[in-house]
Structure formats: C-alpha cells, structure tokens
Amino acid sequence: MKVYMRKFILTAVLILFGAAMPAQTNVEFTKDNFKDKKDGFKEAKKNLEDGNELFAQGRPFYSQALPFFLKANDFNPNNALLNYKIGVCYIWSNYKWKAGPYIEKAYKLDPNCSPEIHYYLGRNYHLTMEWQKAIDEYKTYLKTLIPDKDKEKVMDTNKKINECLNGMELVKNPVRVFIDNVGNAINSPYPDYGPVISADESIMMFTSRRPGSISDMLDPNDGMAMEDIYIATNTVGIWNTAKNAGKPINSEVHDATVGLSADGQTMLMYLDDKGDGNIYQCDQKGEFWSKPEKMSSNINTKFHESSASLSSDGKILYFVSNKEEGSLGMHDIYMCKKDEKGKWGKAVNLGSIINTAYNEESVFIHPDGKTLYFSSQGHKTMGGYDIFKSVWDEKTMKWSTPENIGYPINTPDDDIDFVLSASGKHGYYSSFKIEGQGEKDIYMITFLGPEKPPVLNTQDYLLASMLKPVTTVVAQKVDIKQPSLTILKGTITDALNDKPLEAEIELVDNTLNQVIATFKSNSSTGKYLVSLPAGKNYGIAVKKEGYLFHSENFDIPQTAAYQEVVKDVELKNFAVGNKIILKNVFFDFDKSTLRPESYAELDRLAKLLNDYPNLKIEISGHTDSKGSDDYNLKLSQDRAAVVVGYLVSKGINKDRLKSAGYGETKPIATNDTDEGRQMNRRTEFEILSK
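Peer 1: Just checking my understanding: could you explain the side chain of Glu601 for this structure?
Peer 2: Within the secondary structure, Glu601 is located in helix α10 (residues 599–611). With near-sequence residues (within four places) excluded, Glu601 lies in contact with Phe549, Ser551, Leu582, Lys583, Asn584 and Val585.

Peer 1: Any chance you could explain helix α2 (residues 38–55) here in plain terms?
Peer 2: Quick reminder: α-helices carry 3.6 residues per turn. Residues three or four places apart thus point the same way. Taking 1.5 Å as the rise per residue, α2 with 18 residues should run 26 Å; its terminal C-alpha atoms sit 25 Å apart, in good agreement. Buried residues along α2 sit against α3 (62–75) and α4 (80–91).

Peer 1: It is not clear to me how the side chain of Ser307 should be interpreted in this structure. Could you clarify?
Peer 2: When you line up the elements, Ser307 lands in strand β12 (residues 305–310). Residue classification places Ser307 among the buried residues on the basis of a relative accessible area of 6%. At a separation of 3.1 Å, a polar atom in the side chain of Ser307 contacts the main-chain amide nitrogen of Val363. Each residue touching Ser307, except ones within four places of it in the same chain, is listed here: Val258, Ile279, Tyr318, Phe319, Val320, Glu361, Ser362 and Val363.

Peer 1: What should I look at first to understand helix α6 (residues 117–127) in this one?
Peer 2: Of all the 11 residues making up α6, 11 are buried; the element is thus mostly covered by neighbouring parts of the structure. Three or more residues of α6 are buried, namely Ile117, His118, Tyr119, Tyr120, Leu121, Gly122, Arg123, Asn124, Tyr125, His126 and Leu127. Positioned one or two residues after α6, Met129 has a phi angle of 60 degrees, which is positive.

Peer 1: What's the story with the sheet that holds strand β26 (residues 504–509) in this structure? I'm lost.
Peer 2: Note: strands within a sheet are paired through backbone hydrogen bonds, in either parallel or antiparallel orientation. The strand order β27-β26-β29-β30 describes an open sheet built from four strands, whose pairing is antiparallel. Edge positions in the open sheet fall to β27 (514–520) and β30 (550–556), since each of these has one partner strand only. Each strand axis lies, on average, 20 degrees off the axis of its neighbour in the sheet, ignoring direction. Direction of pairing for strand β29 (residues 536–543) relative to β30: antiparallel, over a ladder of seven bridges. Note that in β30 the partner of Val542 across the bridge is His550. On the sheet, α10 packs against β26, β29 and β30 and is oriented at approximately 145 degrees with respect to β26.

Peer 1: Any chance you could explain the pairing of strand β21 (residues 416–420) here in plain terms?
Peer 2: In the case of a regular strand, side chains alternate between the two sheet surfaces. Where β21 and strand β22 (residues 426–431) come together, three bridges link them in antiparallel fashion. Looking at β22, one finds that Val419 is bridged to Tyr428. The hairpin formed by β21 and β22 contains five residues between the paired strands, and Gly424 there has a positive phi angle of roughly 80 degrees.

Peer 1: Can you walk me through the pattern of salt bridges in this structure?
Peer 2: Think of it this way: side chains of opposite charge can pair up when their charged atoms draw near. Counting across every chain of the model gives 26 salt bridges. Linked by salt bridges that have partners in common, Glu504, Glu506, Lys543, Glu601 and Arg604 make up one network.

Peer 1: Could you clarify how one ought to interpret the nonpolar core in this entry?
Peer 2: Here is a general trend for soluble globular proteins: nonpolar side chains tend to be buried in one another's company. Counting 46 residues, the largest nonpolar core has Phe29, Phe69 and Tyr84 as its most contacted members. Put simply, the parts of the chain that give this core at least two residues each are α2, α3, α4, α5 (99–109), α6, α7 (131–143) and α8 (151–172). Sorting elements by how many residues they give to this core places α4 first, with eight residues. Ignoring any residue separated from it by four or fewer positions in sequence, one finds Tyr84 in contact with Tyr102, Ile103, Ala106, Cys113, Ser114, Glu116, Ile117 and Tyr120. Membership of the second largest hydrophobic core comes to 27 residues, among which are Phe206, Phe364, Ile405 and Ile442.

Peer 1: What is the right way to look at the pairing of strand β3 (residues 203–208) in this model?
Peer 2: The buried fraction of β3 amounts to six of the six residues, a majority that puts the element mostly inside the structure. What you see with β3 is no split at all: Ile203, Met205 and Thr207 on one side and Met204, Phe206 and Ser208 on the other are buried throughout. Judged from the four bridges that link them, strand β2 (residues 192–197) and β3 form a sheet pairing that is antiparallel. Counterpart to Val196 in the pairing with β3 is Met205. Following β2, the chain reverses through five residues before pairing antiparallel with β3; Glu201 in that reversal takes a positive phi of roughly 65 degrees.

Peer 1: What exactly am I supposed to notice about the confidence of the model for the protein chain here?
Peer 2: Note that predicted coordinates carrying low pLDDT should not be read in detail. Averaged over every residue, the pLDDT of the protein chain is 90; residues scoring 70 or more account for 92%. Ranking the helices and strands of the protein chain by mean pLDDT puts α7 first, with 98, and helix α1 (residues 2–20) last, with 39. Counting interchain partners and residues more than four positions distant, the pLDDT-below-50 stretch residues 1–22 has zero contacts. Considering only residues more than four positions removed or in separate chains, one finds that residues 453–480, a stretch of pLDDT under 50, has 68 contacts.

Peer 1: Honestly, the sheet that holds strand β15 (residues 348–349) in this entry has me stumped. Any pointers?
Peer 2: As summarised here, the arrangement of the four strands in space is β12-β13-β14-β15, forming an open sheet in which the pairing is antiparallel. Edge positions in the sheet fall to β12 and β15, since each of these pairs with one other strand and no more. Here strand β13 (residues 316–321) pairs with strand β14 (residues 332–337) via six bridges, running antiparallel. Bridged to Phe319 within β14 is Tyr334.

Thresholds, definitions, all that
- Residues numbered from 1 in each chain as written.
- Predicted model: local features only at pLDDT ≥ 70, side-chain atom pairs only at ≥ 80, totals over all residues.
- Heavy atoms only, no water.
- Helix = DSSP H or I, 4+ residues; strand = E, 2+ residues; numbered from the N terminus.
- Contact = heavy atoms within 4.5 Å.
- Expected span 1.5 Å × (residues − 1).
- Buried < 20%, exposed > 50% of the residue type's maximum accessible area, 1.4 Å probe, protein only.
- Polar contact = N/O pair within 3.5 Å; in protein donor to acceptor, adjacent residues only side chain to side chain.
- Pairing = 2+ DSSP bridges.
- Axes fitted to C-alpha atoms, helices over the stretch in contact; angles between N-to-C directions.
- Salt bridge = Lys/Arg side-chain N within 4 Å of Asp/Glu carboxyl O.
- Core = buried A, V, L, I, M, F, W, Y, C linked by side-chain atoms within 4.5 Å.
- pLDDT = per-residue confidence, 0-100.

See the structure below:
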C-alpha cells in the first residue's frame, strides 16, 4: 500500500509539473504573431526572405544563406521550417555538430515541416555516430519515398544505412593511434590543409588561406585570402615556422598543393585555369623553385584533374580525373608511365578493384612503390570520404581489395588529403576539429606498435572527429607493419673544399643490369634522398662532370625492415693518385668469374675512360685475411686481370690499363669482423696519369 501511494504521489507531481511547463509550439512568421514587435518583425522577415532566396539556389549557397537565417532565428527561435533550414545549412558546412539542436527542434515544433526531415535527422545521428538512431531515421525516410520516382534518393539513403552498419563494425575495432594537431608553427586561425611531405618528413608543403598571400585580391565567393602554398622544415622532430613559398610557385590566383616527390624536390600543384582543374609541376633548383608547368595532355584534359602523386622513381604518376573516357564512375584514379624519352604515356584507369561508381580522391603512392592510399565515397566507408589502402601484388599483377584504414582516422565525415611517411610511423591529413586553431588544421597520426600499450581512453566515441581533445588514443592489439623500404640520404660535396655539389644519382637494378631511375642532388645544399623498395640488389652511382664517380651497393631482401641510411658522399676530382672503390663489381665465391651484376658498374667505368681519353688507371684487387697469403695474392691478381679484360672488350686501349693484385696487404677495415672483411674484399681503380 505504501509503495502504491508513493508511485501515485510521484505521478501526480510529474503531471502537475508538466502542465506548468510551457509547451513549445511552431510560431509562423506572420504579423499577427508579433504585433508588439513590428519593427523587429520587419527586419527579421527581410532576413528570412534573403536567406530563402539563397537557400533556393542550392547547396553552394547554403553558407551565404546561413547568416540571414540566424538573424531571423534570433527574432523568432520557434519556427520549425527556419530551424530545419539552419540545421541543413550546418549539415553541409564544416560546423556539422551545430546542426543537431536545430534539426531536432524543427521536428519537435512540427514533424511535417519538411518531407526531408527524417533524412536530416538521420544525417545528424550518422555524423555523431549514433548508428541505430540514424538507421531508424533513414528507414522512416525511405517509407516516404516512391521507389520508381525517387530512385536516386532511395539509393543514397540505402547507402547511408550501409555506411552506418560499416561504422558500427569499425568503431568496435579501432586502430591504435595518436592524433595530434601539428601546432601553430604550421597551423593558423585560417584554413590550412593539403599537407604533402618528403619521404623522411624533413619537408612539408601545404595550402593555406591565411592573410599575406601573394595576391592582394580576396576570393569574391567567401571574402577570404586566395590559396597560397607554404613550406615548413623539420629539425629533430620539431616543425619550424612555415613560410610562404613565394613566386613563382604562388600567383595572383588560387595555388594549392597536390603532391611532393620522395626527395622533396619536385612538387605537383593544382591550378584552376578556366573552370577546369589541372595538375602542374615545378622543380627545386638550388634555393629556388621553377615556374609551374602544366603537365602532359595525357594527364590534363578539359575535365577536372584534382589530385596526383608521383612514384618514388619519378616514372609513374597516379592522378584523379572525372574525364568521361574510360571512367567507371565519377572521379576515378588513373595511372600514367614515362617512356624512355621521359614523356608521359597514355593514362590507364586503375580498374574496378580501386575505382567505384562514386568519387575517388586524394591519391597517394607510398615511397615503397606498391602501397596506394586514397579517399573514396565508395567501398566500405562509414560516411563521406574514407581513407583506404590497397597493395600491388607483383605475382598476380593486381591491386588488393581496398581496406578501410580504420577509426578514429576515418569518421562519418569527409576524410581526405592523407599522406604517410616512408617509415609508416606518421601520417598527415587535414581535418576540422572543434579544438583546432582554424577552420581546418593539419594533424599528425602516429601509428603505435604493440610494444608499449598506451593509457586507454575508453570514453564515449561520439563526436570523436570533432569534439575530442587534441590527442586521441585508441587501443587495439594490432601489429603495425612497417614498410619494406630503405631510405638513402645524405649530402654530396667536393672532397677537397666541402662545397655542395649538384650531382646525378643513378639507380641500377644490378640483377637486370638496368638503370631504373635517376635523381639529382640539390645544387645549393648538396642534399639527396633516394627511396629503395625491398626485394632488389641496387647499384648506386653518383656522377658529375669533372669528377670520378662514386658507387654504393645495397642488397635489400624482400623481408627487410624499414631503415634510414645516411651516406655523405665526397666526390674526388681527376687528380693523379685518387682511388675509387668499385662497390658494384662482384665475383663468384672464391673465383675470378665476373658476375653479370657487375656489368653496369664496369660499363660506367668504360664510359668514363672514353670521355677522358688521356686517363690511365690501375685496376687493383684486394682480399680479406682468410686463406693463405699466396692464395689471396693470386685470387686478387686474377680478379683485377678479369676486370681489365672486360674493359678491353668494351674498346678501351690495353695500354691505358694496368692490373695489380694486393691480396690482404692493403686492408681498409679490420679483418676481425664479417663487416670489416667484406669491406676489404674489393676492386679499386687508381688514376695513374691524365
């Protein structure tokens, strides 16, 4: 009896309390509703009409309509249709999290204020990752559609439901990452986006709308500064203050970043010439950049080319276009190869494994040469654009099925402009987050390995893309696989005076005896960077007119882990007595049989002798200390003689060549270690006269 009376009293109190609360009702914009506020009504009505006029012109005008709607809403906050339109404007803006209260209020004021109300309720819950509520609203909206008449809306809504289902699964298995704002050395209170990086993260270039651009004009569409490209350098893991790249990169119009070569010396940029987007290229020459040049007509068309990425050897370009020929959907990803003359060949669509009936964007080929990252509205996205990864398989000659790189990197909103360092440890992308410094900021993603589990953040995942603190830590027991890749970098200088040199770096596949790429060191700094994907035996030759070439050998197994090798090179001039080790000359074990992998190196030496016909050299063979002195001496002599014989076969006069074997008598390293003995087993040439 006591329990019953307690429930009765509580119910009565709630009923009385509810009756005392004023119910929200829809208030129309009519004079009769605002007789005591005639002046305010007139102004609010004008704002409403101006907003409606812009709103009626479609999505591109929503941002312009919003300020008028907000002013009208200040006067009358209880109009269902106005709240609905404000919510819709926010849904299609960067401030999506502001949409919810307006959409929900519109529905409470008048559930029939718009035939699209349930769709936008679904969009709001979708964006805040309230998956089931979103699905329920989408299904309610579907019931209002006529399948034959509203085919596109039915298709879109069903896709949104699938995105929610994908989101449910992705959030259950988050990837283990930190996501951090890169800081005010790069980001500003204005939009900063489109980061591109060199393979070793020493350089970042990005697009910004901050004041102080090269152009004095403001964009008439939004009143903001024109896009300019900025450059920042990284010193010991800290980004230095970004600087405007200046002319000729930046111009009086919009200039935007698209891609950056692995060594940071070739930049791809986007320019909108005559309403069509095109890809341009510019190269760094010493301290300066060349004037951007429009890329080949096999790449740029009368349609929209919006994104591009250059392979580490510079011979393949991946780019995005919405051209009609060969298209599988809207914007597709294409591939273009350079021929032997350095011209871009015909573009080829990457096919249905990569491209979908929807848009693909923001393509990026990793320096390993086989891992492709891109954003897509298709595949298994959780909403908007998600970032996907696909790997080229040399055996099947196919791309793997694209894999969503996971939450919290991907969100129900658009996730684009993703690039990854050569090490695979850091990714960079642009995002709009409420705690950011500007409308859009650049963030660094740190992929965590399994060795040190971080402090777990088990809080609610909702609004993670927009409302979380700057650092997001999410845990999952997943091994982060590093790329099989070696980055070789350093500085090339004159051996006598330490002056930086612009030299040509030739990359050779020793197994195939083929030059697979050529690069140049920077003329101002002498710096160079070469990406060496695993699975090959590489010969590297550094050459410059008036200097002896320098060679290195890197045999990188397919299973090799990521590594960065710093190799500074001092080039020697043609002084008598200068010696050069031929690091890509190989013999069969314990024999003087020249292996085919040596031919490229010896052909290079033959060319040097042909270019300088007065040059006379000694070819010397050297061994380690294993074996008897007599045996080592004979082996080294035989090997030197074989090299001389090869050069003679290439047309070099024998009188210009001398062979000598020194066995183990002239070591350049200790014979107590495997590494030292390997260095001592070598073939050299020395200038005798010139």
